Amino acid sequence: MVFGIRAVSEALAAGKEIEKVFIKKGLQGELFQGFLDEVRANEVPFQFVPIEKLNRITRKNHQGVIAMISAITYQSIEQLIPMLYDEGKDPFILVLDHLTDVRNFGAIARTAECAGVDAIVIPEKGGAPINADAIKTSAGALHSLPVCRVNNLVLTVEFLKNSGLKMVAATEKGAEDYDKVDYSGPVALIMGSEDTGISSQVLKLADVRSRIPILGEIQSLNVSVAAGVLMYEILKSKK
């Protein structure tokens, strides 16, 4: 955590990965406006909040600005995919469409690292923060598995598809059972949020809609469990 306009500006200038900036509502002035322009130019997520929220985060002199520094360094999916192909690999990418629960995210990252996933793609806004809880639940996998945070998930899925990856969407409305799908070659597995699933815009880009049969009365699996089942099914095709 970094607080104060100048301190956060210095963190930005130093290239620190910032998860989010909280800014006091009504903050004004030339110094603040310059700072806000800097935050926007760096495409850092920010939110205007009541001062009470800032005071709950820290009692120190925050000057109306608090930044949450990321625990990891994000990577570029546009750079990573060509590198994987150059290494002779068939890329195996996991796309998380606005997954919000920190522990689910950490558990999925742990399984992804074990299953040989090459990278996880997450949206810049609306997803679970990568904080101490996420890293602990991942058993440290988030320190070794590349994570790519993107501004527009739809455009990124289009990029992956145009790069030759088969887009596999996990959905209970899928037409094919997960163990009947051909996962050979470059593949991206898309998992949706805990409550609404995969967004319609992303789902339209899927080449395959894969489902895990549900035999009980509960209509869906926990997303981390479902992701584990599908990742290891994909791994079988890569052996």
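Up top you'll find the structure we're talking about.
Undergrad: Which residues make up the packing of aromatic side chains, and what values do they have?
TA: The tally for this structure, following the rule as stated, stands at one aromatic pair. With a centroid separation of 5.8 Å and 85° between ring planes, the pair formed by Phe46 and Phe48 is classed as edge-to-face. Here Phe46 falls in the partly exposed class, since its relative accessible area comes to 27%.

Undergrad: Which residues make up the sheet that holds strand E3 (residues 46–49), and what values do they have?
TA: Within a sheet, each strand pairs with its neighbour through backbone hydrogen bonds, oriented either parallel or antiparallel. Within the open sheet, the four strands sit side by side as E1-E4-E2-E3. Their pairing is mixed. Of all strands in the sheet, those with a lone pairing partner are strand E1 (2–3) and E3, marking the two edges. Bridge count between strand E2 (residues 18–24) and E3: four bridges; the pairing is parallel. From the neighbouring strand, Val21 faces E3, where its bridge partner is Phe46.

Undergrad: Can you tell me about the pairing of E2, naming the residues and giving the values?
TA: A large share of E2 lies buried, amounting to five of its seven residues. Sheet analysis places E2 next to strand E4 (residues 65–69), joined by five bridges and oriented antiparallel. Within E4, the residue paired with Phe22 across the bridge is Ile66. Remark: the E2/helix H2 (residues 30–41)/E3 crossover connection has right-handed handedness.

Undergrad: Requested: an account of the pattern of salt bridges, with residues and values cited.
TA: Overall, the coordinates contain eight salt bridges when judged by the stated rule. The salt bridge partner of Arg149 is Glu19, with a shortest N-O separation of 3.5 Å. Of this pair, Arg149 sits in strand E7 (residues 147–150) while Glu19 sits in strand E2, and the two are 130 residues apart along the sequence. Under the relative-accessibility criterion, Arg149 is labelled buried at 19%. Close ionic contact of Lys236 with Glu233 constitutes a salt bridge, the shortest N to O distance being 3.5 Å. Residue Lys236 and its partner Glu233 are both found in helix H9 (residues 223–237); the two are separated by three residues, about one turn of the helix. By sharing partners, the salt bridges in this structure join Glu87, Lys89 and Asp118 into a single network.

Undergrad: Now, about unusual backbone geometry: what can you tell me, with residues and values included?
TA: Located in the positive-phi region is Gln63, a residue other than glycine, with phi close to 60°. Tracing the chain through its elements places Gln63 in the loop between helix H3 (51–57) and E4. A relative accessible area of 44% places Gln63 in the partly exposed class. In this structure, His98 is a non-glycine residue whose phi angle is positive, near 60°. Looking at where His98 falls in the secondary structure, it is placed in the loop between strand E5 (92–97) and helix H5 (102–114).

The rules behind each value
Residues numbered from 1 in each chain as written. Predicted model: local features only at pLDDT ≥ 70, side-chain atom pairs only at ≥ 80, totals over all residues. Heavy atoms only, no water. Phe/Tyr/Trp six-rings, centres within 6.5 Å; stacked < 30°, edge-to-face > 60°. Buried < 20%, exposed > 50% of the residue type's maximum accessible area, 1.4 Å probe, protein only. Pairing = 2+ DSSP bridges. Helix = DSSP H or I, 4+ residues; strand = E, 2+ residues; numbered from the N terminus. Right-handed = clockwise from strand over helix to strand, strands pointing away. Salt bridge = Lys/Arg side-chain N within 4 Å of Asp/Glu carboxyl O.

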